[in-house]
Amino acid sequence: MKEEDYTKVEVEQKDMQIILKFPKKSNYEEDTIKKEVKQILLDILQEYLTKTS
């Protein structure tokens, strides 16, 4: 898919950058997307904390 087929969300904090891309025409319900994003962010945070401890 082309870049314009996605909605892009970027978050930067200190030395970390997170970029999320969502299809503009999504078949998922909004709650399902939120749950998936929360899980992804939780996994990233756990990995980051494991590496820094």
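Residues numbered from 1 in each chain as written. Predicted model: local features only at pLDDT ≥ 70, side-chain atom pairs only at ≥ 80, totals over all residues. Heavy atoms only, no water.

A short note on the overall build of the chain
(1) Moving on: Counting its secondary structure elements, the chain contains one helix and two strands.
(2) Moving on: Going from N to C terminus, the chain has its helices and strands arranged as β-β-α.
(3) Moving on: Residue burial in the chain is summarised as follows: out of 53 residues, 6% are buried.
(4) Moving on: If you take every contact in the chain between residues at least 6 apart in sequence, the share linking residues at least 24 apart comes to 6%.
(5) Moving on: Accessible area for the chain stands at about 5200 Å²; split by element, carbon and sulfur atoms hold 52% of it. (Helix = DSSP H or I, 4+ residues; strand = E, 2+ residues; numbered from the N terminus. Buried < 20%, exposed > 50% of the residue type's maximum accessible area, 1.4 Å probe, protein only. Contact = heavy atoms within 4.5 Å. Areas by Shrake-Rupley, 256 points an atom, 1.4 Å probe, with all protein chains shown as cover.)

Quick look at the pattern of salt bridges
(1) Moving on: Enumeration according to the criterion identifies two salt bridges in this entry.
(2) Moving on: With a shortest N-O distance of 3.5 Å, Glu 10 and Lys 8 are connected by a salt bridge.
(3) Moving on: Look at Lys 8 and you get partly exposed, because its relative accessible area is 41%.
(4) Moving on: Salt-bridge contacts for Lys 51 lead to Glu 47; the nearest nitrogen and oxygen are separated by 3.2 Å. Here Lys 51 and its partner Glu 47 are both found in helix α1 (residues 30–52), four residues apart, which amounts to about one turn of the helix.
(5) Moving on: Judged by its relative accessible area of 65%, Lys 51 falls in the exposed class. (Salt bridge = Lys/Arg side-chain N within 4 Å of Asp/Glu carboxyl O.)

Some words on the confidence of the model for the chain
(1) Moving on: Looking at the chain, pLDDT values average 80 and 83% of them are 70 or higher.
(2) Moving on: Mean pLDDT values over the elements of the chain span from 84, in strand β2 (residues 16–23), up to 86, in α1. (pLDDT = per-residue confidence, 0-100.)

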